[in-house]
There are 2 protein chains.
Amino acid sequence: MTSRRYEQRLRAQSAEQTRRRILDAMYDQLPKIPSVDAVARQAGVARSTVYLVFGSRAGLFDALLRDVSERGGFADLVRAVRDPDPLTHLRGAILANTRIYGRQRDVLVALRAEAAALEGALERTEQGRLGGLEHLASRLAEHDLLAVPKDVAVDVLWMLTGFEAFEALRTGRGLSVDAAAARLLATAERTLLRVPSPEGARNEQSSRDVSA
Amino acid sequence: MTSRRYEQRLRAQSAEQTRRRILDAMYDQLPKIPSVDAVARQAGVARSTVYLVFGSRAGLFDALLRDVSERGGFADLVRAVRDPDPLTHLRGAILANTRIYGRQRDVLVALRAEAAALEGALERTEQGRLGGLEHLASRLAEHDLLAVPKDVAVDVLWMLTGFEAFEALRTGRGLSVDAAAARLLATAERTLLRVPSPEGARNEQSSRDVSA
DNA sequence: CCCATTGAAAGACAAGCTGTCTCGCGAAAT
DNA sequence: ATTTCGCGAGACAGCTTGTCTTTCAATGGG
């Protein structure tokens, strides 16, 4: 009875399909937070199947979080980080980051509401952001562009690149995605960078006209 | 049968007591978000009594929110707002605001987690903050202290004085309440105020040493 | 002192949710 | 042909919110 090994490609493939169907069903119901039952019904799948595939309600949201991370829109962010000029890095990263938030907003709001059930998963994701910010702060420091200590720069960047800051401007103040990006960028530049040199003046200008 | 008017002071008084017992029972269980049943048991009260007094789970959290607002710690904030010097107003308001968040943190985290059920109640509370910020921005503008348009200043202040910004620094970056206040203040001053004049330099200094 | 009034307990009930488990079909792999 | 295994179907336990009815006991007007 416990003998034959199987390697069922087709079966695994269709399993992947049901997995996708379930996740897509979740996206469909956002930003309202659906019950496991509602997701299963929308996906045309038995509720027990959802538990079979994702383990629990929390597992379902965890998978959604990973899915969002993989789906990218991160290309722009990566490009900005790779730029040789640290100022372009700063500007491009904040802009790309904010636009990602703008696009994924429904998912992120739902995930935040479910934050209690997710615990570690969210932290793990945020860890990547922290690493990126430390890198950015180091680069700015190396080029002697910082007007504040490096760790303060990391703190401020952390606050400004979080989803909550974006959401406060977007929903709380009714700004567009690009207007929110402009406020965040202006705040970062004026707070972190040395002097309102010709460089600084230009930045301020460029962020102002987007927001106009 | 429908005749006599009653004016039962003692009864009304004991009703107020049960009301308080229930709210206190909630405070006891924070920051974990308790079920109505758990609150009732902790308060030594029937679950149906909670519904009798507060109407619903949402009503319970709504009452908690009002209770927090009334409990104050707002004296410092009011004093800062009344100061004739708009710069003192700015600094005092951010500091007092942040300290209030620090003190009420457990409640605010719980309320945020329950935000979906509260809807309007939170907005109403935030409305007051917005009004205060507009006033502050106007004062700064009148004294010609702003380096950015007034509406931009309101947006930035809104973002920096929200609970989320505080929480990002406090929990996300592990800062103390005063260190968080220093970051917020430095960000606000450098972003909003004209030139790093002698005035500006002094501010930067004072906020730096708190954070050290 | 009597008893209408009313705050509050007790608890039944409906409905929705998560999570677990069992049973059985039918398609895929060997 | 026979073994696996993905998945649907559904029962079950337990927790939750919310509603409603019944009962108890104190309060206070007359």
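In this text the structure is predicted, and so the values were computed from the model without any measurement.

A few words on the overall build of chain A. Along the backbone of chain A there are 13 helices and zero strands. Start at the N end of chain A and walk to the C end: the helices and strands fall as α-α-α-α-α-α-α-α-α-α-α-α-α. A total of 212 residues make up chain A; the buried ones form 45% of that total. A sequence separation of at least 24 residues applies to 68% of the contacts in chain A between residues at least 6 apart. Carbon and sulfur atoms make up 52% of the accessible area of chain A, which amounts to about 11,200 Å² in all.

Before going further, it helps to examine the packing of helix H5 (residues 75-82) of chain A against helix H6 (residues 86-103) of chain A. Residues and elements named next belong to chain A. Running from N to C, H5 and H6 point in directions that differ by 170°, and their axes come no closer than 8 Å. The angle between the axes of H5 and H6 places the two elements in the roughly antiparallel class. Taking contact as the criterion, the partners of Asp76, Leu77, Ala80 and Val81 in H5 are, on H6, His89, Gly92, Ala93, Ala96, Asn97 and Ile100. Tallied by class, residues from the contact of H5 with H6 come to six nonpolar, three polar and one charged.

To continue, consider the UniProt feature "DNA-binding region" (unreviewed entry) in chain A. Following the UniProt record, one finds the feature "DNA-binding region" (unreviewed entry) at residues 35-54 of chain A. From the first C-alpha to the last, residues 35-54 of chain A spans 14 Å; its make-up is 80% helix and 0% strand.

This next bit is on the environment of Arg20(B). Residues and elements named next belong to chain B. With respect to the secondary-structure elements, arginine 20 resides in helix H1 (residues 9-29). Once residues within four sequence positions are removed from consideration, arginine 20 is found in contact with Tyr27, Asp67 and Arg71. Looking at arginine 20, its side chain comes within polar contact range of the side chain of aspartate 67, at 3.2 Å.

Among the nonpolar cores identified, the biggest contains 92 residues, and Met159(A), Ile22(B), Val50(B), Leu64(B), Leu111(B) and Met159(B) are the most heavily contacted of them. Contact partners of Leu111(B), with chain neighbours within four places excluded, come to Phe61(B), Leu64(B), Leu65(B), Leu118(B) and Leu122(B). In terms of nonpolar packing, the next biggest core, distinct from the first, is built from 24 residues, Ala43(A), Phe61(A), Ala63(A) and Leu118(A) among them.

Residue and element names in this part refer to chain B. One can describe the packing of helix H11 (residues 163-172) onto helix H12 (residues 177-192) by two numbers: an axis separation of 9 Å at closest approach and a directional angle of 125°. Viewed along their axes, H11 and H12 adopt a mutual orientation that is oblique. Crossing handedness for the pair H11 and H12: right-handed. Two secondary-structure elements touch here, H11 through Ala165, Phe166, Leu169 and Arg170 and H12 through Val177, Ala180, Arg183 and Leu184.

Another aspect to go through is H6(A). Residue and element names in this part refer to chain A. Counted at 1.5 Å a residue, the expected span for H6 with its 18 residues is 26 Å, and the 25 Å between its end C-alpha atoms agrees. Where burial is concerned, most of H6 is hidden: 13 out of the 18 residues are buried. The N-capping residue of H6, defined by a side-chain oxygen 3.1 Å from the backbone nitrogen of leucine 87, is aspartate 85.

Moving on, we come to the pattern of salt bridges. One pass over the full model with this rule turns up 28 salt bridges over all chains. Between Arg183(A) and Asp155(B) there is a salt bridge whose closest N-O contact spans 2.7 Å. On the criterion of chain membership, the pair formed by Arg183(A) in helix H12 (residues 177-192) and Asp155(B) in helix H10 (residues 150-160) is interchain, its members lying in two chains. Across the pair, exposure class does not vary: Arg183(A) and Asp155(B) are buried alike. Between Asp67(B) and Arg20(B) there is a salt bridge whose closest N-O contact spans 3.2 Å. In this pair, Asp67(B) is assigned in helix H4 (residues 57-70) and Arg20(B) in helix H1, connecting sequence segments 47 residues apart.

With that settled, the discussion passes to the relation of the copies chain B and chain A. Related by rotation about an axis and a shift along that axis, the two copies of the chain form a pair. Least-squares fitting of chain B to chain A yields an RMSD of 0.1 Å, with the superposition described by an axial translation of 0.0 Å and a rotation of 180°. In the structure described here, the two chain copies are related by an operation that fits a two-fold rotation axis. Of the interface residues in chain B, 100% have counterparts in chain A that sit at the interface too, so the contact is made through matching surfaces.

Moving on: the domain arrangement of chain A. Residues and elements named next belong to chain A. When cut into domains, chain A gives domain 1 (10-55) and domain 2 (76-211). Between domain 1 and domain 2, the residue contacts involve four residues of the former and five residues of the latter. Between domain 1 and domain 2, the buried area comes to about 410 Å², and carbon and sulfur atoms account for 80% of it. On the domain 1 side of the contact with domain 2, Leu30, Pro31 and Ile33 bury the most area, a combined 87% of that side's loss. Our enumeration of links across domain 1 and domain 2 arrives at zero salt bridges. Applying the counting criterion to the domain 1 and domain 2 interface returns zero residue pairs in polar contact (both at pLDDT 80 or more).

Once that is clear, we can look at the interface of chain B and chain A. Contact with chain B, which involves 29 residues of that partner, is made by 29 residues of chain A. One can count four salt bridges joining chain B with chain A. One can count 14 residue pairs in polar contact (both at pLDDT 80 or more) joining chain B with chain A. Mapped onto the side of chain B that touches chain A, the elements with two or more residues apiece are H10, H11, H12 and helix H13 (198-211) of chain B. Here the side of chain B that touches chain A takes eight residues from H10(B), the largest share from any one element. Its residues placed into classes, the side of chain B that touches chain A shows 18 nonpolar, three polar and eight charged.

Criteria and cut-off values
Residue positions are counted from 1 within each chain, in the order its sequence is given. A letter from A marks each chain and a number from 1 marks each ligand, given out in the order of writing. Reporting in this predicted model follows two pLDDT cut-offs: at least 70 for local features of residues, and 80 or more for side-chain atom pairs to be given and counted; totals over whole chains, interfaces and linings ignore these cut-offs and use all residues. Side-chain measures here rest on the full set of heavy atoms in the structure, leaving out hydrogens and waters. Secondary structure elements are defined from DSSP: runs of H or I of at least 4 residues count as helices, runs of E of at least 2 residues count as strands, and each element is numbered from the N terminus. A 1.4 Å probe rolled over the protein chains alone gives each residue an accessible area, and that area as a share of the maximum for its type sets the label: buried under 20%, exposed over 50%, partly exposed in between. By definition, residues are in contact when any of their heavy atoms lie within 4.5 Å. For accessible areas, the Shrake-Rupley method is used with a probe of radius 1.4 Å. Any residue's cover is judged against the shown protein chains and nothing else. To get an axis, fit a line to the C-alpha atoms, keeping to the stretch in contact for a helix; angles then go from 0 to 180 degrees between the N-to-C directions. For classification purposes, an angle smaller than 35 degrees is called roughly parallel, one larger than 145 roughly antiparallel, one from 65 to 115 roughly perpendicular, and anything else oblique. Residue classes follow a fixed rule: Ala, Val, Leu, Ile, Met, Phe, Trp, Tyr, Cys and Pro count as nonpolar, while Asp, Glu, Lys and Arg count as charged, and any other residue, Gly among them, counts as polar. UniProt positions are given in the numbering used here, feature names are shortened, and annotations may be inferred rather than shown by experiment. Polar contacts, as used here, are pairs of N or O atoms within 3.5 Å; protein pairs need one atom able to donate a hydrogen and one able to accept it. Residues neighboring in sequence count only if both atoms are side-chain atoms. We call a set of buried residues a nonpolar core when its members are Ala, Val, Leu, Ile, Met, Phe, Trp, Tyr or Cys and they connect through side-chain atoms within 4.5 Å of each other. Note: crossing handedness is left-handed where the near helix turns anticlockwise from the far helix by less than a right angle, and right-handed where it turns clockwise. Multiplying 1.5 Å by the helix residue count minus one yields the expected span of that helix. Salt bridges are defined by distance alone: a side-chain nitrogen of Lys or Arg within 4 Å of a carboxyl oxygen of Asp or Glu. The fit set for superposing copies consists of C-alpha atoms from residues with pLDDT of at least 70 in both; the fit itself is least squares. Note that the domain bounds reflect an automated or database-derived domain assignment. Summed over both partners, the accessible area (1.4 Å probe) lost when two parts come together is defined as the buried area.

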